[in-house]
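What follows is each chain in one-letter form.
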Amino acid sequence: MHPPQWIAAWVLLLHGCAMDRPPQAASAKTDIRNCTADPPYLPPTAINTTARLAALRGTMRAHSVHAYIVPSTDAHMSEYIAERDSRLGWLTGFTGSAGTVVVTWDKAALWTDSRYWIQAERQLDCNWELQRTTWIKSIGLWILEAVPAGGNISLDPFLFSIDTWNSYSQALHGSGRTLLPIETNLVDQVWGDQRPPPASSEIYSLPAAFTGSSWQEKVAGIRQQMEQHVRRPTAVLLSGLEETAWLFNLRGNDIPYNPVFYSYTLLTNSSISLFVDETRLSAAARQSLRAGCPGPLCVELQEYGQARAHLRRYTQGNVTVWLGTEYTTYGLYGVIPQEKLLEDSYSPVMLAKAVKNAKEQELLRAAHVRDAVAVIQYLLWLEKMVPQGQVDEFSGAQHIDMLRQAQEHNRGPSFQSISASGLNAALAHYSPSNRSSRKLSVDEMYLSDTGGQYLDGTTDITRTMHWGVPTPLQKEAYTRVLMGNIDLSRLIFPPNTAGRVVESFARRALWNVGLNYGHGTGHGIGNFLSVHEWPVGFQSNNVPLTAGMFTSIEPGYYRDGEFGIRIEDVALVVEAQTKHHTGEKPFLTFEVVSLVPYDRNLIDLSLLSLEQLSLQRSSSFKDFAKSKVSSPVPSEKEFNLEENIPEDESSGSVPDDAARSSGMKLSKKWRAVISRTMNRKMGRMAVKALAEGKQGDVEEEGSLCPLSPAGSTEEPSHEKVPLSYLEMEEDGHPSVSRQLSSGSDVSSPGSSNRDSLRLEESGPAYSGPFCGRARVHTDFTPSPYDKDSLKLRKGDIIGIIEKPPVGTWTGLLNNRVGSFKFIYVDVIPEETAPARKSRGPSKSKRLKPKTLHELLERINLQEHASTLLLNGYQTLEDFKELRETHLNELNITDPQHRAKLLTAAELLLDYDSKSRGEGVRDTPRPLHQPAPAAASLPANATSRLSQQRASRRKATAPKPSLHPRSPRGTFPGTRAASRDRRP
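A quick note: this is a predicted structure, and the numbers were derived from the prediction, not measured.

Here is what the cut-offs are and how they apply
Residues numbered from 1 in each chain as written. Predicted model: local features only at pLDDT ≥ 70, side-chain atom pairs only at ≥ 80, totals over all residues. Heavy atoms only, no water. Helix = DSSP H or I, 4+ residues; strand = E, 2+ residues; numbered from the N terminus. Buried < 20%, exposed > 50% of the residue type's maximum accessible area, 1.4 Å probe, protein only. Contact = heavy atoms within 4.5 Å. Phe/Tyr/Trp six-rings, centres within 6.5 Å; stacked < 30°, edge-to-face > 60°. Lys NZ or Arg CZ within 6 Å of the ring centre and 35° of its normal. Pairing = 2+ DSSP bridges. Axes fitted to C-alpha atoms, helices over the stretch in contact; angles between N-to-C directions. Core = buried A, V, L, I, M, F, W, Y, C linked by side-chain atoms within 4.5 Å. Lys, Arg positive; Asp, Glu negative; His and termini not counted. Salt bridge = Lys/Arg side-chain N within 4 Å of Asp/Glu carboxyl O. Polar contact = N/O pair within 3.5 Å; in protein donor to acceptor, adjacent residues only side chain to side chain. Parallel < 35°, antiparallel > 145°, perpendicular 65-115°, else oblique. Left-handed = near helix turned anticlockwise from the far one by under 90°. Nonpolar A, V, L, I, M, F, W, Y, C, P; charged D, E, K, R; others polar. Disulfide = S-S within 2.5 Å.

A. Broad picture of the environment of valine 355. One can find valine 355 in the loop between helix 13 (348-354) and helix 14 (358-385). Classification of valine 355 by relative accessible area gives partly exposed; the value is 31%. Spatially, the C-alpha atoms of valine 355 and methionine 549 are 4.8 Å apart, while their sequence positions differ by 194 residues. Beyond its immediate stretch of four places on either side in the chain, valine 355 contacts Glu360, Thr546, Ala547, Gly548 and Met549.

Put into structure tokens, the structure is as follows:
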């Protein structure tokens, strides 16, 4: 879901340039208003606001107000607000989340950004002017024209932030008009008894298993920041609802889709005051807050309405109050003397909340795993039901909400689902209803922007799809949006880089052809809090990116009246592994945690670079694009969707519940996609969820070290570490990263024995391959919640198993496999044993290609590189399993090309078989790396693998060599090697 944004002028300018055709005339549309017609035309989605405006103007005259400003927020600067605070929506009929209204005695106007322009034309009646900007300067100029000199411009000071108040004051300064705050809200007076009542639901404590740390630890951390600040503030004022909820590990239901509650907090160096409706606190929440009484960790409960009076009394002493101007209203700010203020854009609590600790990161990862299961189930359901004409936008939104409800720890959606087909998808924030819902069609694009609230995290994901034949423009636009998503997510950048500095990488592919989008590129996301969590993101008022922050990455493109595209993933900011290190802090990059595939039908492969095609990350782009259905190691059992999700031959109506929705007939493409996603990415939890409780042994697929020496002629072992998953129980929390720890238990703190996922070793200990060795130079002790990481002591030697370019490494230490950060170790240079001199006459032996690109170059078939990469053949290990049936699936039909590829694959197998048979006599091996030990395999494994390989060769007999003069065992396209042996 894209973030709110004060759209910069240059973005609007570029957006306008991208519209290469004149806008469609309003008279040609029946879904928007036409105020120039006689009589004016209003669509069914607009409401008549004449009576409401007349009542408000009468109240304004009674207070001598000539212009009244109404914002779209509440007293806590919340983006999403309760119905009780939706004053702008009630007055205008406009339901967008961002906007400002000004009403004079004879005019009324709404200002909003490009996300809502079409929506506003659908919902406003002809009493309102639509101003297509959000600049306060523009609002001020409009007021100066509409209100004569000497007039009063009023607003509610408890609905405007300090910065916004100052902006209005500056816009009207010296104009002869007076900016006059009125604490009595005039819209509330007109709304009267029809205004919804205050929230009364329970405020509860979040279980310890779902919190990063106790509230006492958080308070101690904020007080430490107060003591270390140069001005030594005595108190911190918290006005944002997320701040108080996060600080005390409390949650509520006062605002739809956001588990927060109305409150203020004044945290001093010796006391804590929480302003809240005390009667709504659960017994456990009250006990938690009062456990430290009396003392500095005792929370004093006071009435919500007393916050301003209490703050006024507190500031009469010798104090300094630290606050964030973005979330503090002018009404509270005004009671604090200027000399007793310490102002920052964001409070220290807001900044601390934005950087997730290790436990919070794992909780959010786990939430995204389960959320991906629901979203993939939804995509499967759509693929079956849309061609039957049985789905509209509204029923689709309801169905995905239902699928999420079936997931563990789900607490509902994180925002109103955006389910938009065809021209509705051009509205960036369109949400369907029974009155405005369109049928989903195979001939139109469909955009789904949805998210879920889980006890362990908040999710947000957008996918765009097309079930028919997309137009060339649709395909190009989608591919360029995807390119922007990939380019930004793989970017490596210096520490303390502001998001706005790198945001253009998401737009570059679109800008290259004159396209653009008018909303922000990303926003922060919380741990069971708001789906738009500030201050993280790519806008000018966001803080610099820091390791531990989660943000969405969501470029898009919208063509008015036709279609809309957005691709959104959530990513974690992590430390990057770079060749060189400058400065004390490492460079940063993104690690994508979203696990839902993209639509291959909309990807134009010719536009993607080889880097983009071969991108490997935790998102499932590579898995989705790959169409090879056979396992790289056929002898090993893997999850089979055909066996675990039975086909439902009936073509009846929509399933009634989420559990049955996965038991449907799936297309071949989607079955292959989900099988690979389950095997390689999601782990046992997703497998179990999609298998509907059916049992089966699922083994984690082995992975070779990506940084293995390129020139090595030893074939890395296909042997997997023998692991068996014990049954996952109801409240288990899976680890997204692979767990190889021998006999370790992974469980959430505070969970019972039922809340665990165990990985037990059922075979020999891990014995290789290794990428090298590393020596620990700094002690490191992982937290009690971190079961994955190794405990490091200075001087320890770690055998490196995996060295990914980002994130943590995997290694073996003290017979335990686990993860560790490369910043704590020094890689030990490899020592090589001298090569033995050859006995007897030397024969020519051609060097094995190091990469798939090199192999294709040798046989002059570079044209197939993108096809092979996209379909999963990214390494020589993948390529040597290529068979004739796979070439059929890849649509490679040229007989000569097929013969070359199959011959090369056979030669790779022969080369590796010969190398294993002869040992490594002619190839130096790192001294620390053990020789391949057949004893680590089961007794009959060697013979079984040989038989299987022989049968495969027989089934795919090699084609006549196109290089008859090349001896068997050499690669076509290479010249004979010199007679001297080379390492």
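B. Structural view of the packing of aromatic side chains. Evaluation of the coordinates by the stated rule reveals 15 aromatic pairs. Through a chain of ring-to-ring contacts, the aromatic side chains of Trp165, Tyr330 and Tyr333 assemble into a single cluster. Above the plane of the ring of tryptophan 105 lies arginine 61, whose end atom (NZ or CZ) is 4.9 Å from the centre. It is arginine 507 that lies over the ring of tyrosine 517; its NZ or CZ is 3.9 Å from the centre.

C. Quick peek at the sheet that holds strand 17 (residues 446-450). Spatially, the three strands line up as an open sheet ordered 16-17-20, and their pairing is antiparallel. Edge strands, defined here as strands with exactly one partner in the open sheet, are strand 16 (418-421) and strand 20 (461-465). Sheet twist, expressed as the mean angle between neighbouring strand axes with direction ignored, is 5°. In this structure, strand 17 lies alongside strand 20, joined through five bridges in antiparallel fashion. Looking across to strand 20, one finds that tyrosine 446 is bridged to methionine 465. Contacts between helix 14 and the sheet are confined to strand 16, strand 17 and strand 20, with strand 20 contributing the most and set at about 20° to the helix. Sheet strands touched by helix 15 (residues 393-405): strand 16, strand 17 and strand 20. Its angle to strand 16, the strand with the most contacts, is close to 145°.

D. Up close: the nonpolar core. Ranked by size, the top nonpolar core spans 46 residues in total, and within it Leu488, Phe493 and Phe590 carry the most contacts. Grouped together as the second largest cluster of nonpolar side chains are 41 residues, Tyr80, Val219, Tyr262 and Val276 included.

E. Main features of the side chain of aspartate 401. Among the secondary structure elements, aspartate 401 is positioned in helix 15. Although buried, aspartate 401 forms no salt bridge, and the nearest oppositely charged side chain, arginine 404, lies 4.8 Å from it. Not counting residues up to four positions away in its chain, the partners in contact with aspartate 401 are Pro413 and Ser417.

F. Representation of the side chain of histidine 532 in the model. Within the secondary structure, histidine 532 sits in the loop between strand 21 (523-524) and strand 22 (533-537). According to the relative accessible area criterion, histidine 532 is buried, its value standing at 3%. Engagement of the side chain of histidine 532 in a polar contact is seen with the side chain of glutamate 79, the distance being 2.8 Å.

G. Representation of the packing of helix 5 (residues 136-146) against helix 6 (residues 162-172). Two numbers describe how helix 5 lies on helix 6: the axes approach to 9 Å, and their chain directions differ by 45°. Taken together, the axes of helix 5 and helix 6 lie oblique to each other. Crossing geometry of helix 5 relative to helix 6 is assigned as right-handed. Contact residues: helix 5 offers Ile136, Ile139, Gly140, Ile143 and Leu144, while helix 6 offers Thr164, Ser167, Tyr168, Ala171 and Leu172. Its residues placed into classes, the contact of helix 5 with helix 6 shows seven nonpolar, three polar and no charged.

H. Just the state of the cysteines, in detail. Counting across every chain of the model gives two disulfides. A sulfur-sulfur distance of 2.1 Å marks the disulfide that ties cysteine 35 to cysteine 126. Judged by the sign of its S-S torsion, about -95°, the bond between cysteine 35 and cysteine 126 is left-handed. Linking cysteine 35 in the loop between helix 1 (9-18) and helix 2 (50-62) with cysteine 126 in the loop between helix 4 (117-123) and strand 4 (129-131), this pair joins segments that are 91 residues apart in sequence. Classification of cysteine 126 as partly exposed rests on a relative accessible area of 32%. Between cysteine 293 and cysteine 298 runs a disulfide, and the two sulfur atoms are separated by 1.8 Å.

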